[in-house]
Structure formats: structure tokens, C-alpha cells
Amino acid sequence: MAEEKESGFRITDRRKFNADGSPRDHIDEPEAAAAPPASAEPAASAPSAAESRADNVVSFPGEAARQREPEAPPPAPPPAAEARAASEATDARAAQAKAAASAAEQAYNQTRGPQSPHLPEASFLTLIDMFAAEAAMNLGMAQTPEGGRTPVDLEAARHWIDMLGMLEQKTRGNLTDEEASVLENVLAYLRMQFVAASRKR
């Protein structure tokens, strides 16, 4: 049994058996669509078969559609005005710190007074001597007021020797020949004394 709907679709019953299970005598064949007269013009409002099929297709966004979707734009860099303001704020803080340090130095120089005759002059050689004396004392090389030797403390001695080594590295190329020679000789002597004291333990 064929039934044609207004939508242009033809439904044909092609079952080979009746509802009770008996075979059907014949199968309805679809009727050939009547060909329009040669002189007839196609109706402008009637959609073509391809258009009808296209109208009845329901599609969902697939992988290709998702790939065509525009990606989220990358975050915009900070505006030039904000970057310039941050740089100016950093420069202003650095200028304030430098001005404060300069003011503190001037105030100190005005109030420190003359050099004490009982203390050595502040110099790089004095700094070397101070660190070396601490290392020697902890290596048991210094004499106590009672005439004995200071106790050996290898951990403290290593600290002061390492401090001298750090000074040598940080000031390399900025010392006078005398300063560089004194520092090199003092370090070599103290390191050998440290090795000797470690072997006695």
C-alpha cells in the first residue's frame, strides 16, 4: 500500500507477509512519477530533490566544526603605559634608596670624629688581618694570656678561611699588587695549617 504525503515523500509497504504470517500475493511497486509535459516550466516554488534531502538532514557540530570555531585570543600584553609606569616606580624607589644611603654617609662622616689612635686604619689589609687572626686563633695558633694555646675549633677555623677565600674571589682584578699578594699568601698558609690540624684529630 502506497501513501504519498504532502511533503513529497512516498511510503511503500514492501513487506512479504501479512499480519497473520501468510505470504502476500503481490508486492506493491512504487508508481512511476508522471513526467511533466515537455512544454511545462518547473514550478518556481517546488524545491528540488536535493534541496528536500538537504532540508531534512539534521547535523550536530562535529570535530571539523569545532576546529573551525575561533580559538580564544591570547591574553593581551600589558599596555605600554602600565609597563612604563612600573618602570618609573622602580626607578623612583632606586633613586630614593640611593639618596637615603648618601644622606646616611654624609651624616656619619660629620659625626664619627677623628680616627682613634688605638685602632688600625680601615683598609683591605686590616680586614685580611682580622679574618686571618680569627682563623689562626681557632686553629690553636694564638697564645692565651696564661701562656697556653687557644683551643682548636676546626669548624670555626674553616668558616674564617672560607671568608678569606670569598674575599679573594669577589675582589679579583680590583686589588693592588700588595693586597693581592698578602691575601694569597695568608690563604695558602692558613689552609696548610688547617690540613695539619685536621690530621692530628
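Residues numbered from 1 in each chain as written. Predicted model: local features only at pLDDT ≥ 70, side-chain atom pairs only at ≥ 80, totals over all residues. Heavy atoms only, no water.

1. Examining the overall build of the protein chain
Applicable threshold: A run of DSSP states H or I qualifies as a helix once it reaches four residues; a run of E qualifies as a strand once it reaches two. Both are numbered from the N-terminal end. Exposure categories follow from relative accessible area, calculated using a 1.4 Å probe and restricted to protein chains: below 20% of the type maximum is buried, above 50% is exposed, and the middle band is partly exposed. We call two residues in contact whenever any of their non-hydrogen atoms come within 4.5 Å of each other.
Check the secondary structure of the protein chain and you find six helices and two strands. Along its sequence from the N terminus, the protein chain presents helices and strands in the succession β-β-α-α-α-α-α-α. The buried share of the protein chain, taken over its 201 residues, is 12%. A separation of at least 24 residues holds for 43% of the contacts in the protein chain among residues at least 6 apart in sequence.

2. A look at the packing of aromatic side chains
Under the convention used in this document: The pairing test for Phe, Tyr and Trp rings, Trp by its six-membered ring, is centres within 6.5 Å, and the orientation test on the planes gives stacked under 30 degrees, edge-to-face over 60, and tilted for anything in between.
Evaluation of the coordinates by the stated rule reveals one aromatic pair. For the pair F131 and W160, a centre-to-centre distance of 5.3 Å together with 50° between the ring planes defines the contact as tilted. Pair noted here: F131 is in helix α4 (residues 124-138) and W160 is in helix α5 (residues 154-170), with a separation of 29 residues, a long-range link. According to the relative accessible area criterion, F131 is buried, its value standing at 9%.

3. Quick notes on the packing of α5 against helix α6 (residues 177-200)
Pairs of packed helices are described in terms of their axes, by the angle between the two and the distance that separates them. Heads up, the rule is: All axes are obtained by fitting lines to C-alpha atoms, using only the stretch in contact for helices, and the reported angles, taken between N-to-C directions, cover 0 to 180 degrees. For this classification, under 35 degrees means roughly parallel, over 145 means roughly antiparallel, 65 to 115 means roughly perpendicular, and everything else is oblique. Helix crossings are classified by the rotation of the near helix relative to the far one: an anticlockwise turn of less than a right angle makes the crossing left-handed, while a clockwise turn makes it right-handed. Following the grouping adopted for this structure description, the nonpolar residues are Ala, Val, Leu, Ile, Met, Phe, Trp, Tyr, Cys and Pro, the charged ones are Asp, Glu, Lys and Arg, and the polar ones are all others, Gly among them.
Between α5 and α6, the shortest axis-to-axis distance is 10 Å and the interhelical angle comes to 155°. Accordingly, the angle class assigned to the pair α5 and α6 is roughly antiparallel. In this structure, α5 crosses over α6, and the sense of that crossing is left-handed. Here L154, A157, R158, I161, L164, G165, L167 and E168 of α5 lie close against α6, whose contacting residues are L183, E184, V186, L187, L190, R191, F194, A197 and S198. Across the contact of α5 with α6, the residue classes tally to eleven nonpolar, two polar and four charged.

4. Remarks on helix α3 (residues 80-111)
Two residues of an α-helix separated by three or four positions point the same way, owing to the 3.6 residues in each turn. Formally: A helix is expected to reach a length of 1.5 Å times the quantity of its residues less one.
In a regular helix each residue adds 1.5 Å, so 32 residues correspond to 46 Å; α3 covers 47 Å between its end C-alpha atoms and thus fits that length. Looking one or two places after α3, you find G113, whose phi comes out positive at around 80°.

5. Side note on the layout of surface pockets
Cut-off, in case you're wondering: A 1.4 Å probe that fits but cannot get out identifies a cavity on a 1 Å grid over protein atoms alone, an open set with protein on both sides within 12 Å along at least five of seven lines counts as a pocket, and a residue lines either if it has an atom within 4 Å of a point. Grid points are joined across faces, edges and corners, and a volume is the space filled by probe spheres set on the points.
Its volume calculated, the largest pocket comes out at about 160 Å³. In terms of lining, the largest pocket is formed by L139, G140, M141, V152, Q193, A196, A197, K200 and R201. Partitioned by chemical class, the residues of the lining of the largest pocket number five nonpolar, two polar and two charged.

6. A closer look at the side chain of N138
The residue N138 is located in helix α4 in this model. Every residue in contact with N138, bar those within four places of it in the chain, is listed here: P151, V152, D153, L154, A156, A157 and W160.

7. Structural notes on the nonpolar core
Stated precisely, the cut-off is as follows: As used here, the term nonpolar core means buried Ala, Val, Leu, Ile, Met, Phe, Trp, Tyr and Cys residues forming a set that is joined through side-chain atoms within 4.5 Å.
By size, the foremost hydrophobic cluster in this structure holds 17 residues, and its most contacted members are L139, I161, L164, L183, L190 and F194. When residues of this core are traced back to their parent elements, those giving at least two are α4, α5 and α6. With six residues, α4 is the single largest residue contributor to this core. Not counting the four nearest positions on each side in its chain, I161 is found in contact with A135, L187, L190, R191 and F194.

8. Some thoughts on α5
To be explicit about the condition: Our arc is simply the arc of the directions from the helix axis toward the C-beta atoms.
With 17 residues, α5 should reach 24 Å at 1.5 Å per residue; the first-to-last C-alpha distance of 24 Å fits that figure. Within the sequence span of α5, burial applies to L154, A157, I161, L164, G165 and L167. Along the long axis of α5, the arc covered by the buried residues comes to 155°, so they all point the same way. Exposed residues on α5 whose side chains face more than 90 degrees from its buried face are E155, Q169 and K170.

9. A few points about the environment of Q115
Definition in use: Here a polar contact is recorded for every N or O atom pair within 3.5 Å, except that within protein the pair must consist of a potential hydrogen donor and a potential acceptor, and residues adjacent in sequence are included only if both atoms are side-chain atoms.
Here Q115 is to be found in the loop between α3 and α4. The exposure class assigned to Q115 is partly exposed, which follows from its relative accessible area of 45%. Dropping the residues within four chain positions of it, Q115 is found in contact with P120 and E121. Engagement of the side chain of Q115 in a polar contact is seen with the backbone oxygen of L119, the distance being 3.5 Å.

10. Observations concerning the packing of α4 against α6
At a closest axis distance of 10 Å, the pairing of α4 and α6 adopts a crossing angle of 5°. Between α4 and α6, the interaxial angle falls into the category roughly parallel. Residue-level inspection shows F124, L125, I128, A132, A135 and A136 of α4 in contact with α6, the latter providing E178, E179, V182, L183, V186 and L190. Of the residues contributing to the contact of α4 with α6, the split by class is ten nonpolar, no polar and two charged.

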